[in-house]
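# Chain and residue survey
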Amino acid sequence: MQSILPEVFSIEPTADAEGFWQAFDSNRQAIARVGRTLPAANDVIGYRGPTEALVVIDAEFNLLGVRLINSADTKEHVNAVRLATDFFDQFREWRFDDSGSQESPSKPEIDAVSGATLTSLALAKGVMARIGGSRQSLVFPEPIEVDEISDWFPKADYITNSNYSAAVYDAENQRIGQVLRSGAFTDSIAGYQGPTELLFRIRDDNRSNAKDVIIEAIKIRSSFDNEPYVRYCRMERSFWKKFTGQTRRHLAGMTLEQSGVEGVSGATMTSLAIAETVYQTCECWNEQQRLETERQRDRTTLWGRMTHSRIGKWGNDVRLSNAGFACILLMIGLGTVKRLGWFRKRWFRRVWLVTVVVVVGFWSGNMLSMSLIAGWAGEGIAWRLAPGLALIALIALVGPAAGKSNPYCNHVCPHGALQQLIRPSQHSSRRIKLNRKLAWMMTMIPGCSLTIAYLTLLFYPTVELANWEPFHAYLFRLAPTVSIAFAVATLVASAWIPMGYCRYGCPTGRLIEYLRRRATGHRLTVSDGTAIVLLAVALSVRLSG
């Protein structure tokens, strides 16, 4: 917090209605409000899970700064984001959405942290979810009551409040009027001591979106100014006649200088603040109606209905990077290439493997791992932030069960591709042939690693599985030296033992292979028994917890 506002001395222990805490300086003056992105961003999944951030806004709801609090992603990704000051500087241009829309604000451009794309984008999207949607005034939060407008509508029986207005009905359920309040639009225009909230009676012709809405009457609802000044303003009829009978559009374009409004004698500051409140309320109201009209027009067209449907919103929310797009093209091409039989051509297969290493490995880092599968299984799939990785995961996990093959391990995994490129030939002098019994024992290592990882996650859900496999090394800008050394060691071993890591070390590959459909799939195997036992353990842990 103090890295954003060094002058912060204390924070209010109780959050306000919008989930923000007031921050004070040493003189007990409120200087900012502090919030957290969770639980508003619980469904925003990064590499493994949600990322929580600290959000600091000022009195005008401008975003002063963002800091990462905690994340379910891998330690290297989190540290890279935490240290990326340029990334956090981008949020200073963002603003709490006060348009009255219940939808998130339009997606600003954000440059992700290199090598930690999913984590940084999840943080940014969490911030967007936290500051999106309409905000209520903390100064004037109360909805309009019947007794407040009884002098305008003596027959009023009840009213229905929206965000900024109220429809008035009589005892026969007939709509007899409409009232607007300024507090929902502006609460920061101060007179002598503070802001004033106004009520507007508008001509109720059931055309509240029309361009010629007429302001029939205005009165003070409540004020933080001195009561004598407020009373003078209430009583000065000539002051109010300057606004009544005018259209919303006319008042929306006004300023104090243009209008030539003179303050009420003895209450100049209070009355001029009221006049400015009228103009700004009409301006905000005009903009709100324009946005609502545009949304309504969009929904009456075919394209508008498509983009406003649930599927359309999901589609608009997908972030597709160049690397992700390249991965999607590779996955689309994979099926075509297999059908054409091009993998049987030695030259083409080598080109494909090199492309996979570059695109899927070093460029995008879109690799399956136990860490990724565990995170997405518990928190959800980050298909909106990483559609390329989500497609690769879909092909990897569904392909073996549906088509009896293992497309990921054979054609997509960069670490497997490197092992294919460097493996010794059948008659190579560096080829090592393991003893049959030793080879059989080593084939159990991937399954045992997978089982241990599963049990570890049951009792220690925050365990870091990324270091159990060499795939993290492909994010070489972030990967620790140990991960890179681990990856190099497995490749060196595979230069003598063909596909050594894939056959004798890869737990992710073992999981994918277990899903592969076989002719003998109806028979119960040791793997099936292990899966049943693990399921029973998981259920017992769940029930006991």
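Residues numbered from 1 in each chain as written. Predicted model: local features only at pLDDT ≥ 70, side-chain atom pairs only at ≥ 80, totals over all residues. Heavy atoms only, no water.

### What about the packing of helix H18 (residues 444-459) against helix H21 (residues 507-515)?
Definition in use: The angle between two axes is taken between their N-to-C directions and runs from 0 to 180 degrees, where each axis is a line fitted to C-alpha atoms and a helix contributes only its stretch in contact. Each helix is a run of DSSP H or I of at least 4 residues and each strand a run of E of at least 2, with the numbering of both proceeding from the N terminus. Any angle from 65 to 115 degrees is called roughly perpendicular, while one under 35 is roughly parallel, one over 145 is roughly antiparallel, and all others are oblique. A contact between two residues is defined here by any heavy atoms of the two lying within 4.5 Å. Any residue that is not Ala, Val, Leu, Ile, Met, Phe, Trp, Tyr, Cys, Pro, Asp, Glu, Lys or Arg is counted as polar, Gly included; the first ten are nonpolar and the last four charged.
Following both chains from N to C, one finds H18 and H21 inclined at 95°, their axes separated by 8 Å at the closest point. Our classification of the angle between H18 and H21 gives roughly perpendicular. Seen from H18, the contacting residues are Pro446, Gly447, Ser449 and Leu450; seen from H21, they are Pro507, Arg510 and Leu511. Looking at the contact of H18 with H21, its residues break down into 4 nonpolar, 2 polar and 1 charged.

### Section: the nonpolar core
Quick note on the threshold: By nonpolar core we mean a set of buried residues, namely Ala, Val, Leu, Ile, Met, Phe, Trp, Tyr and Cys, connected to one another through side-chain atoms within 4.5 Å. Think of it in three bands: residues with accessible area under 20% of the maximum for their type are buried, residues over 50% are exposed, and the middle band is partly exposed, with areas taken using a 1.4 Å probe on protein chains only.
Formed by 69 residues in total, the largest nonpolar core has its most connected members in Phe87, Phe91, Trp94, Leu123, Val127, Trp352 and Tyr408. Looking at this core, the element that brings in the most residues is helix H3 (residues 117-131), giving 8 residues. Among residues more than four places away in sequence, those in contact with Phe87 are Val81, Ile110, Asp111, Val113, Ser120, Leu123 and Ala124. In terms of nonpolar packing, the next biggest core, distinct from the first, is built from 28 residues, Val213, Ile215, Ile220 and Ile274 among them.

### Regarding the sheet that holds strand E7 (residues 165-169)
This is how the line gets drawn: Should DSSP find at least two bridges between two strands, the strands are regarded as paired.
Pairing is antiparallel in the open sheet, where 5 strands are placed in the order E6-E7-E8-E9-E10. Every other strand in the sheet has two partners, leaving strand E6 (158-161) and strand E10 (215-223) as the edge strands with one partner each. Between one strand axis and the next, the sheet turns by 25° as a mean value, whatever way the strands run. Bridging between E7 and strand E8 (residues 175-181) involves 5 bridges; their strand directions are antiparallel. By the bridge assignment, Ala167 is partnered in E8 with Gln178.

### Looking at the side chain of Gln419
We apply this condition: The term polar contact refers here to a pair of N or O atoms within 3.5 Å; inside protein, the definition further demands a hydrogen-donor-capable atom paired with an acceptor-capable atom, and it admits residues adjacent in sequence only when both atoms are side-chain atoms.
Assignment of secondary structure puts Gln419 in helix H16 (residues 414-422). Side chain to side chain, Gln419 and Ser494 meet in a polar contact 2.7 Å long. Those residues in contact with Gln419 that lie beyond four places of it in its chain are Leu491, Ser494, Met499, Gly500, Tyr501 and Cys502.

### What to know about the layout of surface pockets
Over the atoms rolls a probe the size of a water molecule, and in doing so it shows where empty space is left. Here is the rule we go by: Cavities and pockets were defined on a 1 Å grid built over protein atoms only: a cavity is a set of grid points that admits a 1.4 Å probe from which the probe cannot escape, a pocket is an open set flanked by protein on both sides within 12 Å along at least five of seven lines, and lining residues are those with an atom within 4 Å of any such point. Grid points are joined across faces, edges and corners, and a volume is the space filled by probe spheres set on the points.
Empty space within the largest pocket amounts to approximately 1,400 Å³. In terms of lining, the largest pocket is formed by 41 residues, of which the most central are Ala374, Leu450, Ala453, Tyr454 and Leu457. Among the elements of the structure, strand E5 (63-71), helix H13 (370-379), H18, H21 and helix H22 (526-544) are those that each provide at least two residues to the lining of the largest pocket. Ranked by residues supplied to the lining of the largest pocket, first place goes to H18 with 9 residues. Classifying every residue of the lining of the largest pocket by side-chain character gives 24 nonpolar, 11 polar and 6 charged.

### Notes on a positive patch on the surface
Spelled out, the test is: Two joining distances apply to patches: 9 Å for like charges and 5 Å for nonpolar side chains (Val, Leu, Ile, Met, Phe, Trp, Tyr), and every residue must have over 30% relative accessible area and no salt bridge. In this description, accessible areas are obtained by the Shrake-Rupley approach with a 1.4 Å probe, and a residue is regarded as covered only by the protein chains that are shown. Each reported salt bridge corresponds to a side-chain nitrogen of Lys or Arg within 4 Å of a carboxyl oxygen of Asp or Glu. Counted as positive: Lys and Arg. Counted as negative: Asp and Glu. His and the chain ends are not counted at all. The atom standing in for a charge is NZ when the residue is Lys, CZ when it is Arg, CG when it is Asp and CD when it is Glu.
A surface patch of positive charge is lined by Arg346, Arg350, Arg423, Arg431, Lys433, Arg436 and Arg503. Positionally, Arg431 belongs in the loop between H16 and helix H17 (436-442). Overall, Arg431 belongs to the partly exposed group, its relative accessible area being 31%.

### Details of the environment of Val482
Here Val482 lies in helix H19 (residues 481-496). The sequence separation of Val482 and Pro470 amounts to 12 residues, and the corresponding C-alpha distance is 9.3 Å.

### As for a nonpolar patch on the surface
On the surface, Phe362, Ile432, Phe476, Ile484, Val488, Val492 and Trp496 cluster together into a nonpolar patch covering about 600 Å² of accessible area. Top element by residues in the nonpolar patch is H19. It accounts for 4 residues. As for its position among the elements, Ile432 is in the loop between H16 and H17.

### Points about empty space enclosed by the protein
Tallied over the entire structure, the rule returns 4 cavities of 30 Å³ or more. Around the largest cavity sit 13 residues that line it, and Tyr47, Met367, Ser369, Phe471 and His472 are the ones nearest its centre. Taken together, the residues of the lining of the largest cavity break down into 7 nonpolar, 5 polar and 1 charged.

### Thoughts on the pattern of salt bridges
Tallied over the full model, the rule gives 9 salt bridges. In this structure, Arg28 engages Glu12 in a salt bridge whose closest nitrogen and oxygen atoms are separated by 3.1 Å. One end of the pair, Arg28, is in the loop between strand E2 (21-24) and strand E3 (30-36); the other, Glu12, is in the loop between strand E1 (10-11) and E2, with 16 residues separating them in the sequence. Residue Arg28 is classed as partly exposed on the basis of its relative accessible area, which comes to 49%. Accessibility expressed as a relative area gives 26% for Glu12, which makes it partly exposed. Bridged by salt links that share partners, the residues Glu148, Arg181, Glu197 and Arg221 form one connected network.

### Description of the sheet that holds E3
Here 5 strands make up an open sheet; going across it, the order is E1-E2-E3-E4-E5 and the pairing antiparallel. Each of the sheet's edge strands pairs with one partner strand only, and the pair in question is E1 and E5. Across 7 bridges, strand E4 (residues 51-57) lies against E5 in antiparallel orientation. What sits directly across from Glu52, in E5, is Asn70.

### A closer look at the pairing of E7
In terms of burial, E7 is largely enclosed, as 5 of its 5 residues are buried. Here E7 shows no split at all, with Ser165, Ala167 and Tyr169 on one side and Ala166 and Val168 on the other all buried. Summarising the sheet, E6 and E7 pair through 4 bridges and their orientation is antiparallel. Looking at E7, one finds that Thr160 is bridged to Ala167. Taken together, E7 and the strand that follows it, E8, pair antiparallel across an intervening segment of 5 residues, in which Asn173 is found at a positive phi of about 65°.

### Some thoughts on the packing of aromatic side chains
For clarity, the threshold we go by: Ring geometry is summarised as follows: Phe, Tyr and Trp rings, the Trp one being its six-membered ring, pair when their centres sit within 6.5 Å, and such pairs are stacked at plane angles under 30 degrees, edge-to-face over 60 and tilted between the two. Geometrically, a charge over a ring is one whose NZ (Lys) or CZ (Arg) sits within 6 Å of the ring centre while staying within 35 degrees of the ring normal.
Counting across every chain of the model gives 16 aromatic pairs. Pairing Phe87 with Phe91 gives two aromatic rings, centres 5.4 Å apart and planes at 90°, and the pair type is edge-to-face. Among the residues examined, Phe87 registers a relative accessible area of 3% and is labelled buried. Counting every residue linked through ring pairs, the aromatic cluster contains Trp342, Phe343, Trp347, Phe348 and Trp352. Lying over the aromatic face of Trp152, Lys219 brings its terminal NZ or CZ to 4.7 Å of the ring centre. One Lys or Arg, Arg477, reaches over the ring of Phe476 and ends 5.1 Å from the middle of that ring.

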